[in-house]
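# Overview (structure and organization)
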Amino acid sequence: MAVIQRIEELKSGALSAVAAAGSTAALEDVRVRFLGRSAEITEIKKSIGSLSPEDRKEVGRAANLASREIEEALRARTNELAAGEREARLRTEAVDVTLPGVPFPKGHLHPSMRVIDDVVDFFVGLGYRVAEGPEVETDYYNFTALNIPPEHPARSEHDTFFLDEGLVLRTHTSPVQIRTMLAQEPPVYVVCPGRTYRRDSDPTHTPMFHQIEGLAVDRGLTLGHLKGTLAAMARHVFGEELKVRLRPGYFQFTEPSVEMDLSCFVCGGNDPNCTLCKGAGWLEMLGAGMVDPAVLEEVGYDPEEYTGFAFGMGPDRMAMVKYGIPDLRLFFEGDLRFLRQF
Ligand code: PHE
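Just so it is clear, the model here is predicted, and its values are computed rather than measured.

What counts and what doesn't
Residues numbered from 1 in each chain as written. Predicted model: local features only at pLDDT ≥ 70, side-chain atom pairs only at ≥ 80, totals over all residues. Heavy atoms only, no water. Helix = DSSP H or I, 4+ residues; strand = E, 2+ residues; numbered from the N terminus. Rg over C-alpha atoms; globule rule 2.2 N^0.38 Å. Buried < 20%, exposed > 50% of the residue type's maximum accessible area, 1.4 Å probe, protein only. Contact = heavy atoms within 4.5 Å. Areas by Shrake-Rupley, 256 points an atom, 1.4 Å probe, with all protein chains shown as cover. Domains from an automatic or database assignment. Near = heavy atom within 4 Å. Polar contact = N/O pair within 3.5 Å; in protein donor to acceptor, adjacent residues only side chain to side chain. Phe/Tyr/Trp six-rings, centres within 6.5 Å; stacked < 30°, edge-to-face > 60°. Lys NZ or Arg CZ within 6 Å of the ring centre and 35° of its normal. Axes fitted to C-alpha atoms, helices over the stretch in contact; angles between N-to-C directions. Parallel < 35°, antiparallel > 145°, perpendicular 65-115°, else oblique. Left-handed = near helix turned anticlockwise from the far one by under 90°. Expected span 1.5 Å × (residues − 1). Arc of directions from axis to C-beta.

The next point concerns the overall build of the protein. Regarding its fold elements, the protein presents 11 helices and 9 strands. Taking 2.2 N^0.38 as the reference for a compact globule, 342 residues should give roughly 20 Å; the C-alpha atoms of the protein span a radius of gyration of 44 Å, well beyond that estimate. Along the first, second and third principal axes, the C-alpha set of the protein runs to 130 × 50 × 35 Å. A buried classification covers 42% of the 342 residues belonging to the protein. Intrachain contacts of the protein at a sequence separation of at least 6 include 67% that bridge at least 24 residues. Surface exposure of the protein reaches about 18,900 Å², of which carbon and sulfur atoms provide 53%.

When the domains of the protein are assigned, the result is domain 1 (2-92) and domain 2 (111-339). Each of domain 1 and domain 2 was reduced to a C-alpha centroid, and the two centroids are 92 Å apart.

A few words now on the site of the ligand. Surrounding the ligand, one finds 14 residues, the nearest of these being His172, Ser174, Arg198, Gln211 and Glu213. Between the ligand and Ser174 there is a distance of 2.9 Å, counted from a nitrogen atom to a side-chain nitrogen or oxygen. Between Gln211 and the ligand, the recorded distance is 2.9 Å, taken from a side-chain N or O atom to an oxygen atom. The fraction of the free accessible surface of the ligand (320 Å²) that becomes covered by protein chains is 90%.

Before going further, it helps to spend a moment on the packing of aromatic side chains. The tally for this structure, following the rule as stated, stands at 12 aromatic pairs. Relative to Tyr141, the ring of Tyr140 lies with its centre 5.4 Å away and its plane at 70°, an arrangement referred to as edge-to-face. Centroid distance Phe331 to Phe338: 6.0 Å. Interplanar angle 45°. Geometry classified as tilted. Phe338 matches Phe331 in its accessibility class, with the two residues each being buried. Members of the aromatic cluster, connected to one another through ring pairs, are Phe122, Phe123, Tyr128, Tyr189, Phe309 and Phe311. Against the face of Tyr141 rests Arg179, its NZ or CZ located 4.1 Å from the ring centre.

Before going further, it helps to spend a moment on the packing of helix H5 (residues 111-125) against helix H8 (residues 223-238). Between H5 and H8, the least distance of the axes is 10 Å, while the angle of their chain directions is 135°. Classified by the angle their axes make, H5 and H8 are oblique. Considering the relative orientation of H5 and H8, their crossing is right-handed. Contact residues: H5 offers Asp118, Val119, Phe122 and Phe123, while H8 offers Thr229, Leu230, Ala232, Met233, His236 and Val237.

Looking now at the environment of Gln341. Assignment of secondary structure puts Gln341 in the segment after helix H11 (336-339). The exposure class assigned to Gln341 is exposed, which follows from its relative accessible area of 58%. For the pair Gln341 and Thr180, spaced 161 residues apart in sequence, the C-alpha to C-alpha distance is 37 Å.

Given a rise of 1.5 Å per residue, 12 residues ought to cover 16 Å, and the 16 Å separating the end C-alpha atoms of helix H2 (residues 24-35) matches this to within 8%. Every buried residue belonging to H2 is among Leu27, Val30, Phe34 and Leu35, and all of these are buried. Taken end-on, H2 shows its buried residues confined to a sector of 90°, consistent with a single buried face. The outward face of H2, more than 90 degrees from its buried face, is lined by the exposed residues Ala25, Asp29 and Arg33.

So, in structure tokens, the structure goes:
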């Protein structure tokens, strides 16, 4: 019968098309062409109803067998190709875990922060606690409570930025002393790093700069404790072989007051033309003193029972000295070429 013949032709055509297909997408085309809704075999199946009962049976069987064989071939070939395609995809998408990574840019600690960390670490090691206070400060905490009453000439030395009524940008970290003492009973051992502000700008002054305050209040503290503590701190930051000396100083809130110098670690005091100490042999380092009894009284501590020492230092200035940086303004320009050197 011609139809049976035709079915056989279509089947072998389909089987060779299946064998020739090179991808699962090509196989799908073959399926549509030979088994799809308008494929010839499908048409033949649809026309079966109009055949004689004997032919119907024979043609139907041949058409079904042919379809099944083609489907079977398609399935087998699809599995084959899909496995190959999956392998190829895995190969091309593979990640080479032995390749070096993309380097992530490393950050740098600012020289001031290195000194602050160093100093704070030293005091924390001695058992001091870190205390902080606001940068917008009241006139009372910044001056009056520190024994600098309104109208006192000492105020004019502070080059203060005045804000609204009664508020200033703190000119030093000393107000944190007052806040700390008002908040707790003695003994007090705190170190207070932070930003401070003065209307000042030249190679060694910037309107914003850092200070680290320290305060110790306890029974029996003396100037000897102050000197020993600060000398140990200076050697920790600048080098063990350095010498320190105290000179008389003046601050409203300490009595007696001292300034501490560090022996010049560039020339050791032996070079009259030294670029760092300019031949002085000493570098000014910080201000300090025994807490004035008037300040202790102001915060409700009994000056008969307790004594204390306080100190304030400038970590920016210390970093200039430590790293040999000539201009303080470089610290605050944010130039990465500068910062990367430390
Ligand atoms: N607050 C002082 C200043 O800024 C420094 C200082 C602090 C002096 C503590 C003595 C005691 O100049």
